[in-house]
Amino acid sequence: QDKSVNAFTLEEEKAFLTALSELKLNKNAIDYRPLFYIELFAGLRMGEICALTPKDIDFINGVIHVRNTVTRGIDYEIKLGNTTKTHKGIRDVPINSCLVPVLKKALSNYRKNDDNLLFYNFKSNRPISTQQANSAFSRICKKANINVSGGQHLLRHTFATRAIESGVSANVLKN
């Protein structure tokens, strides 16, 4: 099977960001935009983003504390895990300056929930799933006339691609 890593071209990235900025939300819809911005500009996995709590956003030290992930149990129930996907997944990720307003807005929009998560699916009273994010990602890409296969994980690959293009070593990125 083909395990090639796909990433947005610069043109696709620009079209995606434009589509995100122009997105009109229905009144009670989940706003996936901050999740996509975090994945694209910090390189976190979607499950890690969905597991963030307000205290994980550390403006004083300029980092996002990654300590957890949202997973699917054997019964496909969405649940908050008690660690990250891998041991090295527990880390502090620098906050890119373009994420500061996104994170501040997410914190100001925070609503109390059973898991104390920054992003939450209040309709079903559970964490947001990667599958939900994939569906929203596909709709936004379609609207932006971007033909992509696979899901929003492409944003994480785009983050890594842009970092490498700007001179960050692959060894630094993988930690």
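Okay, so let's go over this structure. Remember, predicted model here, so these are calculated numbers, not experimental data.

Remarks on the packing of helix H1 (residues 10-22) against helix H5 (residues 130-143)
Where H1 contacts H5, the axes come no closer than 9 Å and their chain directions differ by 105 degrees. In this view, H1 runs roughly perpendicular relative to H5, as classed from their interaxial angle. The residues of H5 that touch H1, namely those facing Phe-16, Ala-19 and Leu-20, are Phe-137, Ile-140 and Cys-141. Partitioned by chemical class, the residues of the contact of H1 with H5 number 6 nonpolar, no polar and no charged.

Remarks on the sheet that holds strand S2 (residues 63-66)
What the 3 strands build is an open sheet, ordered S1-S2-S5; its pairing is antiparallel. The open sheet terminates on both sides in strands that have one partner only, identified here as strand S1 (57-58) and strand S5 (91-94). Here S1 pairs with S2 via 2 bridges, running antiparallel. Bridging from a neighbouring strand, Ile-57 pairs with Ile-64 of S2.

Points about the nonpolar core
Within the largest apolar cluster, 41 residues are counted, with the highest numbers of intra-cluster contacts made by Phe-16, Phe-36, Ile-38, Leu-44 and Ile-64. Only H1, helix H2 (33-42), helix H3 (46-50), S2, helix H4 (100-108), H5 and helix H6 (153-165) provide two or more residues apiece to this core. Looking at this core, the element that brings in the most residues is H2, giving 6 residues. Setting aside its immediate chain neighbours within four residues, Phe-36 contacts Phe-16, Leu-20, Met-46, Ala-133, Ala-136, Phe-137, Ile-140, Gln-152 and Leu-155.

Each value, and the rule that gives it
- Residues numbered from 1 in each chain as written.
- Predicted model: local features only at pLDDT ≥ 70, side-chain atom pairs only at ≥ 80, totals over all residues.
- Heavy atoms only, no water.
- Axes fitted to C-alpha atoms, helices over the stretch in contact; angles between N-to-C directions.
- Helix = DSSP H or I, 4+ residues; strand = E, 2+ residues; numbered from the N terminus.
- Parallel < 35°, antiparallel > 145°, perpendicular 65-115°, else oblique.
- Contact = heavy atoms within 4.5 Å.
- Nonpolar A, V, L, I, M, F, W, Y, C, P; charged D, E, K, R; others polar.
- Pairing = 2+ DSSP bridges.
- Core = buried A, V, L, I, M, F, W, Y, C linked by side-chain atoms within 4.5 Å.
- Buried < 20%, exposed > 50% of the residue type's maximum accessible area, 1.4 Å probe, protein only.

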